[in-house]
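# Observations on chain architecture
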Amino acid sequence: MFQLINTLLIGITSGAIYALMALSIVLVWRSTRVINFAQAGQALTSTFIGFQTLKYVDSFWIALVVAMIGGALISALIEITLMRVLLKHSTSGAIAGVAPIIATLGLLEVIQASITLIWGGADSLITPPLSNTGFTIGTNTLVFSPMKLAIIAIVAVLLILLTLIVQKTSIGLSLRAAAFSPELARLAGVRVDAVRTLGWALSGATGAVAGLLLVANGNGSFSTASIEFSLLLISGFIAAVIGGLESLLGAVIGGLALGIITAFVLMYISDSLFFIAPFVILLLVLFIRPQGFLGKKGGRRA
Amino acid sequence: MDAVHKSSKSRSKNSSHQISNKVRLLIFIVLGFLIYLLSNNVDELRVYQGAQVSFYVIGIASIILLTGYSGQVSLGQGALLGVGGYAAALSHLHWHLPIPLTFVVAILAAAGAGALLGIAAARLSGPYLAGATLALAVGLPSIANQFTILGGEQGLFFDVGFPPESLGADFTQYKWFFWIAALATLIAIFWLQNVMRSRYGRTWKAIRGSEVAAELAGVNIARAKVLAFTLSAGLAGLAGALLAMTIGTVSPSAFPLALSFSLLTGAVLSGVTTLGGVMIGAVTLVALPEIVGTVVNRAGASEAIATNLPHIVMGTLLILTVVFVPNGPVEQMRSRRVKKEKSL
Amino acid sequence: MTLHVENLTVHHGAIQALTQVSFDVKVGELTAVIGSNGAGKSTLLRTLSGLKSATTGSATWKGHNLLHGKAESHVRHGVAHVSEGKSVIPELTVEENLDLGALWRRNKSESASSKREIFELFPRLEERRKQTTETLSGGERQMLAIGRALMSKPELLLLDEPSLGLAPLLVKQIFESIVNVTKQYGLSVVLVEQNAMGALNIADSGIVLNLGSIATTGSAQDLASNPAVRAAYLGY
């Protein structure tokens, strides 16, 4: 019984982080119809920005904000330089559809190599701001700790904030309109290009939080070779697919589902299925319901 | 299939660029002879790199077949190379098969995996397929850690043995690798060209042009796509076996995600839609790290730069190519020639 | 001359869609553009609103160059384009579609009163304001599209086949609405229509496009009584 609760809590926590990553992927997908595979690299860069900030400031939370701003700026920069050039040059041909994806893969490689160049390949350390020792109930210690609680709280707050922005504000309306029908949005006077950049900026900020929380969820050490980070990319994508790629809510549900299922698989079946479990889950989802659980059938045209 | 046949008949009349099969065979034999001569006149390192270029050529060709010809994107080709490599190693270790047969096993095993993947892939498109194959690239090699028969982290040995004595005492191990790899490559590419020119190739081209039109013309899209996946995977398996041969082992770290990315990069650099440029990508993949490394060393830069700069250059090259020359240099020149002919 | 188009030539790749098109539209004038399919009518509107780039020629609205800059910038100069076919965003609600048109406007209370006016014009839209547009009929969707255009405080209204796919009674209603709106807001209107008769009935002047060039121009009355025009487009 206790193990069940523990596993569930572990799953929800890691699921919350996957959800953030999925959110950042969906934000870009909805505004530009591109899967940004460099996302995890950007998240890692933002994490290092946070790490660098901690050398001057002692607060994890300030570092988090700085990392978010940094992540947003980097993402906006990528959209302005790379993506706009790509869209202008989009041609026909075999890889026209996936050219942007391949470009983001190239970008990922450049980012990873650049990070290693600047900060080195060895482990860096960010001390988690809150304790990771579990709460005790009677004689039992839950895996759940103040840190994990904070992670879930942060993700919940971010989700609410994002939803409010997207659903209730004018700029959110511009975002949605530009994502659904860029041409009609233009005719209504929406600055579609600027809005697109905003979508990327939000995505970058969200990824930054995912990266830092991922580090805080563990023992605080991370590096470019971190398995956690390649896993983050893939899990983020898988979570986004599970949720249907079209909605923010779907991204969150996908992330939580992936986190919980993976936690249970690892606990009750085998420890070393770390990499395979997400992949199998992805295959199952793509087989059973390719449009995701919250997605619409048939997809949309821009 | 009538519409496809008609168009292909008229096309073979118009395209006088198409060389007859017998002439092609001759060209390949001459190529083989030239390579043989070359191998006797270069040093050990080059010969080894020649072997590397060879299996990269096959790997890139497999992606060209899959992506350029049938329009499906796989980011997990490295995993299929792994299947081939492991199959070769296992069949050698446990069944004691002679080396040529291990290669056959590698091809068949990878092709089988490719068929399965192809069946799954037929339902997926674009980013979904990309993501699924990406997950495959990350997940499949780690299966080796699960089962001891697969050798775990350290992997298994794959020793093709010494060159036969009839070749002389001077014949080095690396030269032997190169000969095997080069021969395999020549055969594989010749065979692949035949396939691309056959009605299967035309079917894939039709699908690539327009799935709807092809379907209306009676093409069984799903079957064609699965076939493309299967053949492409078989080639990848061969490349994997050759890779295993050159490093002497198979292990999860021999087939990392980076391999899939490298092959994709090589394919994009070569020009995804045609076999003609396949050497460009393969040579770049092998030569670029070395060139960059030499430049860095001469400039006296740090170790960190030496290891990372090649990646930065490769990544940038990939981005630039995919943005400005997405169909590859060969196709670019071809379409420019066609445009000139049209305007005349 | 508030809309001044001179020698406008537009290409779709290698195909010339518009050739040396020249015409003027005055303030408050409703100009109908008629012609068969493929004549270039939609291309004309898309070029004027900035969605498509022209090859040569000029087009200005009250001195502002329409051929330069993005579509969304022309909206700020008073140009509103209701495109053909899919002219509303289905995933948004009726009210959101309307609000979209007014997003660029600074004065929020003015936007609010615009919305009230539009609801008065099209009461059915107010009934359905919180629903997504999938529940709307074809006629209601057209009203919404026009409403959205009005929300952006236009002075030049470009309408692409507003009667397309509508039942005759609705066609009459839409045309009546267009006349009302034009008078109420003092708009200049370029009305592209397949329904040549309906368009010429409410227009002041007309242009007949054929294969990308202007075949005839004139007052709406003259065109409607022109035998060649009647034979080709009016069916009698």
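### A look at the overall build of chain C
Looking only at helices and strands, one finds 10 helices and 10 strands in chain C. Rg of the C-alpha trace for chain C: 17 Å, near the compact-globule value of 18 Å for 236 residues, within the 12% margin. With respect to the three principal axes, the spread of C-alpha positions in chain C is 45 × 40 × 30 Å. Burial status across chain C gives 49% buried among its 236 residues. Partitioning the contacts of chain C with sequence separation of at least 6, the portion at a separation of at least 24 is 66%.

### Some thoughts on the sheet that holds strand 1 (residues 3-12) of chain C
All names here are of chain C. The four strands are arranged 2-1-4-5 in an open sheet whose pairing can be described as antiparallel. Either end of the sheet is taken by a strand with one partner, and the two such strands are strand 2 (15-25) and strand 5 (64-65). Direction of pairing for strand 1 relative to strand 4 (residues 56-61): antiparallel, over a ladder of five bridges. By the bridge assignment, Leu 3 is partnered in strand 4 with Trp 61. Sheet contacts for helix 1 (residues 41-49): strand 1, strand 2 and strand 4; angle to strand 2, the most-contacted strand, approximately 70 degrees.

### Details of the interface of chain A and chain C
Every contact between the two is made by 16 residues of chain A and, on the other side, 20 residues of chain C. Where the side of chain A that touches chain C is concerned, the elements lending two or more residues are helix 6 (170-180) and helix 7 (182-187) of chain A. In terms of residue count, the dominant contributor to the side of chain A that touches chain C is helix 6 of chain A (six residues). Grouping the amino acids of the side of chain A that touches chain C by side-chain chemistry returns eight nonpolar, four polar and four charged.

### A word on the environment of B:Ala88
Residue and element names in this part refer to chain B. Following the sequence through the fold, Ala 88 ends up in helix 4 (residues 77-94). Considering only alpha carbons, one finds Ala 88 and Gly 328, 240 residues apart in sequence, at a separation of 33 Å. Leaving out residues up to four positions away in the same chain, Ala 88 has contacts with Thr 102, Phe 103, Val 105, Ala 106, Phe 158, Ala 241 and Ala 244.

### Some thoughts on the interface of chain A and chain B
Interfaces are frequently sized by the accessible area removed from exposure as the parts join. Of the residues lining the interface, 39 residues belong to chain A; the matching set on chain B comes to 44 residues. Those elements that place two or more of their residues in the side of chain A that touches chain B are helix 3 (60-88), helix 4 (99-119), helix 9 (227-243) and helix 11 (276-288) of chain A. If one sorts the elements of the side of chain A that touches chain B by residue count, helix 4 of chain A sits on top with 13 residues. A per-class count over the side of chain A that touches chain B returns 28 nonpolar, 10 polar and one charged.

### Let's talk about the sheet that holds strand 7 (residues 156-160) of chain C
Residue and element names in this part refer to chain C. The strand order 6-7-8-3-9-10 describes an open sheet built from six strands, whose pairing is mixed. The strands lining the two open edges of the sheet, one partner per strand, are strand 6 (79-82) and strand 10 (213-219). Each adjacent strand pair in this sheet contributes to an overall mean axis angle of 15 degrees, direction not counted. As paired elements, strand 6 and strand 7 share four bridges and run parallel to each other. Bridging across to strand 7, Ala 80 finds its partner in Leu 157. Strand contacts of helix 1: strand 3 (30-34), strand 6, strand 7, strand 8 (188-193) and strand 9 (205-210), with the helix running at about 145 degrees to strand 7, the strand carrying the most contacts.

### Notes on the pairing of strand 8 of chain C
The side chains of a regular strand alternate, residue by residue, between the two faces of the sheet. All names here are of chain C. Extensive coverage of strand 8 is indicated by the burial of six of its six residues. Alignment of strand 7 against strand 8, held across five bridges, turns out to be parallel. Across the sheet, Asp 160 pairs through a bridge with Val 192, a residue of strand 8. With helix 7 (residues 168-185) bridging strand 7 and its parallel neighbour strand 8, the resulting β-α-β unit is right-handed.

### With respect to the arrangement of the chains
The highest contact count of any of the two pairs of chains in contact belongs to chains A and B. At no point do chain B and chain C touch; the closest pair of C-alpha atoms across them sits 12 Å apart.

### A look at the environment of A:Thr262
All names here are of chain A. Within the secondary structure, Thr 262 is located in helix 10 (residues 248-268). The class for Thr 262 is buried, based on 24 C-beta atoms found within 10 Å. Considered as a pair, Thr 262 and Gly 15 are 247 residues apart in the sequence and their alpha carbons are 8.9 Å apart. Leaving out residues up to four positions away in the same chain, Thr 262 has contacts with Gly 11, Ala 277 and Pro 278.

### A look at the packing of helix 1 (residues 2-32) of chain A against helix 5 (residues 146-168) of chain A
Residue and element names in this part refer to chain A. The contact between helix 1 and helix 5 brings their axes to 9 Å, and the two run at 35 degrees. Like other packed secondary-structure pairs, helix 1 and helix 5 cross with a definite hand, here left-handed. Taking contact as the criterion, the partners of Leu 9, Ile 12, Thr 13, Ala 16, Ile 17, Ala 19, Leu 20 and Leu 23 in helix 1 are, on helix 5, Lys 148, Ile 151, Ile 152, Val 155, Leu 158 and Leu 162. Broken down by class, the residue content of the contact of helix 1 with helix 5 amounts to 12 nonpolar, one polar and one charged.

### Considerations on the packing of helix 7 (residues 173-197) of chain B against helix 10 (residues 221-247) of chain B
Packed helix pairs are specified by the crossing angle of their axes together with the interaxial distance, meaning the distance between the axes. Residue and element names in this part refer to chain B. Contact geometry of helix 7 with helix 10 gives a least axis separation of 10 Å together with a crossing angle of 175 degrees. In terms of orientation, helix 7 and helix 10 fall into the roughly antiparallel class. Residue-level contacts link Phe 177, Ile 180, Ala 181, Ala 184, Ala 188, Leu 192 and Val 195 of helix 7 to Leu 231, Leu 235, Leu 238, Leu 242, Met 245 and Thr 246 of helix 10. In the contact of helix 7 with helix 10, the residues fall into 12 nonpolar, one polar and no charged.

### Details of the pairing of strand 3 of chain C
All names here are of chain C. Counting buried residues in strand 3 gives five out of five residues, a clear majority hidden from the surface. Pairing of strand 3 with strand 8, which is carried by five bridges, proceeds in the parallel orientation. What sits directly across from Thr 31, in strand 8, is Val 190. Note that strand 3 and strand 9 share four bridges and pair parallel. Pairing of Ile 34 across the sheet is with Val 208, part of strand 9.

### Observations concerning the nonpolar core
Ranked by internal contacts, the top residues of the largest apolar core, which has 278 residues, are A:Ala19, B:Ala61, B:Ala110, B:Leu238 and C:Leu191. Considering every element that reaches this core, the biggest residue donor is helix 1 of chain A, with 16 residues. Excluding residues that lie within four positions of it along the chain, A:Ala19 makes contacts with A:Val155, A:Ala239, A:Ala251, A:Val252, A:Gly255 and A:Leu256.

### Overview of the confidence of the model for chain C
In this model, chain C carries a mean pLDDT of 89, and residues with pLDDT of at least 70 account for 99%. Confidence estimates for the predicted assembly give a pTM of 0.83 and an ipTM of 0.90.

### Looking at the confidence of the model for chain A
The predicted model of chain A has a mean per-residue pLDDT of 82, with 87% of residues at 70 or higher. Predicted confidence is poor over residues 297-302 of chain A, with pLDDT under 50, and the contacts of this stretch with residues over four places away or in other chains come to three contacts.

So, how was this worked out
- Residues numbered from 1 in each chain as written.
- Chains lettered and ligands numbered in written order.
- Predicted model: local features only at pLDDT ≥ 70, side-chain atom pairs only at ≥ 80, totals over all residues.
- Helix = DSSP H or I, 4+ residues; strand = E, 2+ residues; numbered from the N terminus.
- Rg over C-alpha atoms; globule rule 2.2 N^0.38 Å.
- Buried ≥ 20, exposed ≤ 12 C-beta atoms within 10 Å, placed from the backbone.
- Contact = placed C-beta atoms within 7 Å.
- Pairing = 2+ DSSP bridges.
- Axes fitted to C-alpha atoms, helices over the stretch in contact; angles between N-to-C directions.
- Nonpolar A, V, L, I, M, F, W, Y, C, P; charged D, E, K, R; others polar.
- Right-handed = clockwise from strand over helix to strand, strands pointing away.
- Left-handed = near helix turned anticlockwise from the far one by under 90°.
- Parallel < 35°, antiparallel > 145°, perpendicular 65-115°, else oblique.
- Core = buried A, V, L, I, M, F, W, Y, C linked by C-beta atoms within 7 Å.
- pLDDT = per-residue confidence, 0-100.

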